[in-house]
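Chains, contacts and geometry: an overview
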2 protein chains.
Amino acid sequence: MINKDSLTHHISAQFNAELEEIRSHLLAMGGLVEKQVTDAVNALVDADSGLAQQVREVDAQINQMERDIDEECVRILARRQPAASDLRLIISISKSVIDLERIGDEATKIAKRAIELCEDGQAPRGYVEIRHIGEQVRKMVQEALDAFARFDADLALSVAQYDKIVDREYKSALRELATYMMEDPRSISRVLSVIWALRSLERIGDHARNIAELVIYLVRGTDVRHTGLAKQGPAAAADDKA
Amino acid sequence: MINKDSLTHHISAQFNAELEEIRSHLLAMGGLVEKQVTDAVNALVDADSGLAQQVREVDAQINQMERDIDEECVRILARRQPAASDLRLIISISKSVIDLERIGDEATKIAKRAIELCEDGQAPRGYVEIRHIGEQVRKMVQEALDAFARFDADLALSVAQYDKIVDREYKSALRELATYMMEDPRSISRVLSVIWALRSLERIGDHARNIAELVIYLVRGTDVRHTGLAKQGPAAAADDKA
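Residues numbered from 1 in each chain as written. Chains lettered and ligands numbered in written order. Predicted model: local features only at pLDDT ≥ 70, side-chain atom pairs only at ≥ 80, totals over all residues. Heavy atoms only, no water.

1. Remarks on the overall build of chain A
Within chain A, the regular secondary structure consists of seven helices and zero strands. When the elements of chain A are put in sequence order from the N terminus, they spell out α-α-α-α-α-α-α. Within the span of chain A, comprising 242 residues, buried residues form 57% of the whole. Looking at chain A as shown, the accessible area adds up to about 10,000 Å², and 50% of this sits on carbon and sulfur atoms. (Helix = DSSP H or I, 4+ residues; strand = E, 2+ residues; numbered from the N terminus. Buried < 20%, exposed > 50% of the residue type's maximum accessible area, 1.4 Å probe, protein only. Areas by Shrake-Rupley, 256 points an atom, 1.4 Å probe, with all protein chains shown as cover.)

2. Looking at the UniProt feature "domain: PhoU" (unreviewed entry) in chain A
All names here are of chain A. Under the local residue numbering, the UniProt record ascribes the feature "domain: PhoU" (unreviewed entry) to residues 27-113 and 130-215. End C-alpha to end C-alpha, residues 27-113 measures 27 Å, and it is 93% helix and 0% strand. The span residues 130-215 carries 93% helix and 0% strand; its end-to-end C-alpha distance comes to 28 Å. (UniProt positions renumbered as here; feature names shortened; annotations may be inferred.)

3. Details of the nonpolar core
Taken as a class, soluble globular proteins show a tendency for nonpolar side chains to be buried jointly. In this structure, L44(A), I130(A), L192(A), L44(B), I130(B) and L192(B) are the most contacted members of the largest nonpolar core, which totals 158 residues. Contact partners of L44(A), with chain neighbours within four places excluded, come to I110(A), R113(A), A114(A), L117(A), Y127(A), I130(A) and A197(A). (Core = buried A, V, L, I, M, F, W, Y, C linked by side-chain atoms within 4.5 Å. Contact = heavy atoms within 4.5 Å.)

4. Considerations on the relation of the copies chain A and chain B
Of the transformation placing chain A onto chain B, the axial shift is 0.0 Å and the rotation is 180 degrees, giving an RMSD of 0.0 Å. Here the symmetry operator amounts to a two-fold rotation axis. Take the interface residues of chain A: 100% of them recur as interface residues in chain B, which is what a same-surface contact looks like. (Least-squares fit on C-alpha atoms with pLDDT ≥ 70 in both.)

5. What about the pattern of salt bridges?
Inspection of every chain in the model, using the stated rule, returns 32 salt bridges over all chains. Here R203(A) and E106(B) are joined by a salt bridge, their closest N and O atoms 3.1 Å apart. Note that R203(A) is positioned in helix α6 (residues 188-220) and E106(B) in helix α3 (residues 84-120), a pairing that runs across two chains. The class of R203(A) is buried, set by a relative accessible area of 8%. We note a salt bridge from R131(B) to D46(B), for which the minimum N-O separation is 3.3 Å. Here R131(B), found in helix α4 (residues 127-150), pairs with D46(B), found in the loop between α1 (13-45) and α2 (49-80); they are 85 residues apart in sequence, far enough to count as distant. (Salt bridge = Lys/Arg side-chain N within 4 Å of Asp/Glu carboxyl O.)

6. A word on the interface of chain A and chain B
Opposite the 38 residues of chain A that make contact, chain B presents 38 residues. Between chain A and chain B lies a buried interface of about 3,500 Å² when both sides are counted; carbon and sulfur atoms form 58% of it. The tally of links from chain A across to chain B stands at six salt bridges. Across the pair D99(A) and R102(B) runs a salt bridge whose closest N-O atoms are separated by 3.5 Å. Put simply, chain A and chain B have five residue pairs in polar contact (both at pLDDT 80 or more) between them. Broken down by secondary-structure element, the contributors of at least two residues to the side of chain A that touches chain B are α2 (49-80), α3 (84-120), α5 (153-183) and α6 of chain A. (Buried area = accessible area lost by both parts, 1.4 Å probe. Polar contact = N/O pair within 3.5 Å; in protein donor to acceptor, adjacent residues only side chain to side chain.)

7. Remarks on the packing of aromatic side chains
Across all of its chains, the model carries one aromatic pair over all chains by this definition. Between the aromatic rings of W196(A) and W196(B), the centroid separation amounts to 5.7 Å while the plane-to-plane angle is 90 degrees, which identifies the pairing as edge-to-face. Taken together, the positions of W196(A) in helix α6 and W196(B) in helix α6 (residues 188-220) put the pair across two chains. (Phe/Tyr/Trp six-rings, centres within 6.5 Å; stacked < 30°, edge-to-face > 60°.)

8. Examining the packing of α3(B) against α4(B)
Residue and element names in this part refer to chain B. Orientation of α3 relative to α4, taken along the N-to-C sense of each, is 160 degrees, at an axis distance of 13 Å. Classified by the angle between their axes, α3 and α4 sit roughly antiparallel to one another. By crossing handedness, the relation of α3 to α4 is classed as left-handed. Of the residues in α4, those touching α3 at L89, S92, I93, S96, L100, I103 and L117 are Y127, V141, L145 and F148. For the contact of α3 with α4, the residue count by class is nine nonpolar, two polar and no charged. (Axes fitted to C-alpha atoms, helices over the stretch in contact; angles between N-to-C directions. Parallel < 35°, antiparallel > 145°, perpendicular 65-115°, else oblique. Left-handed = near helix turned anticlockwise from the far one by under 90°. Nonpolar A, V, L, I, M, F, W, Y, C, P; charged D, E, K, R; others polar.)

Next comes the structure, spelled out in structure tokens:
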């Protein structure tokens with residue numbers, strides 16, 4: 001197990017400073033990505049095409065942040081040749097930025113759907129679900145980042161487990177929208193736009209889960225991907241069977 | 001620029017052997033993933049639920065390969081502290097396996113759709129498109145891996161550019177299927193299954209593109225993500241404007 005203290009015991013104060021800096025860059029990128037998710041969902045449900053346009057423009061900034069953090073990671077690997085928990089930290093950061101960037105991409109896709117739906121005018125079905133699932137996955141992103149900031153494997157575990165609930169609600173929303181399309185075929189193209197936005201939200205949940213799993217790897221040194229979360233704790237076991 | 005020769009000039013023969021081994025593991029994983037894509041598409045268009053079931057079972061093997069290669073990467077980073085092109089190689093491998101694993105996930109999703117559609121019985125619209133786009137993205141995966149095997153940045157660039165063609169055909173197929181749903185609302189749930197499979201194929205193309213971009217980074221030492229491919233060569237410029 002590592003904790004925040006173990007990160008502050010390097011021989012080189014400079015190296016400490018570098019690790020702290022890169023971690024703060026990751027969290028700053030995460031904060032911006034989380035805001036993109038919120039803005040994209042609001043743009044869609046409030047039919048605010050100006051906000052949607054803004055989300056699309058901010059995406060370039062997120063892509064730049066990914067490149068910058070990536071370069072920092074490579075520089076640290078090459079110069080500092082970190083071992084053990086420092087190495088895990090760099091690896092976790094370098095993988096987390098991939099997921100953050102893709103969350104940004106999904107937010108941009110939602111913004112595009114928002115613009116389509118604004119042009120269309122009518123408020124279709126599915127907005128309640130968009131708002132609800134949107135809030136759930138935004139919270140997953142936020143908590144995955146909090147878990148990263150505090151090296152909190154328990155919080156990370158609960159984020160990873162929560163993804164199942166989101167998947168279930170997503171599937172139930174899809175079934176409802178499919179039924180609605182059958183009842184009112186003229187709504188199909190509008191409802192499809194809503195379905196694509198929902199799918200993006202479900203993906204955002206997947207990426208937040210990936211980040212949470214990286215935090216668990218970082219803190220505990222074990223790779224929990226694909227292995228089932230049940231082995232991680234008694235609280236997990238109950239949910240994993242669901 | 002690096003080439004295969006520059007990889008064979010290490011002081012430690014053992015280190016060479018380790019780099020070659022991890023690269024061959026990546027390519028073996030890639031070969032299996034490519035086969036999963038082929039099998040999943042065939043299972044769907046041939047309504048072969050046995051083959052679909054097999055795809056779902058093989059996925060666990062791919063997940064295990066990802067974990068194993070990942071561990072090898074961490075071990076090499078910790079022990080060998082590679083620099084320059086060796087470091088880029090390890091980073092590219094460690095990121096490529098993420099994309100390969102997700103291609104495997106998408107193949108599994110297609111297999112699930114295949115099983116649904118088998119149970120349904122009727123052959124819906126969209127199978128021609130599934131077969132066509134399926135073949136395109138399978139080839140992208142294959143060529144991205146070939147580019148990795150031969151450190152061929154030109155081939156990687158053409159794979160990355162090809163993704164635009166796939167996206168265009170995907171969108172055109174979607175429009176057609178939406179129209180079909182409007183004409184025959186009873187087909188909606190079947191057609192949605194086909195749409196999900198198409199979407200998985202489009203994602204597979206995205207992941208193949210990611211791998212191709214990692215090959216360009218590996219060979220040329222430049223990060224081409226998000227920057228537009230036009231800067232990479234004259235042949236690219238024409239396509240990038242399209």
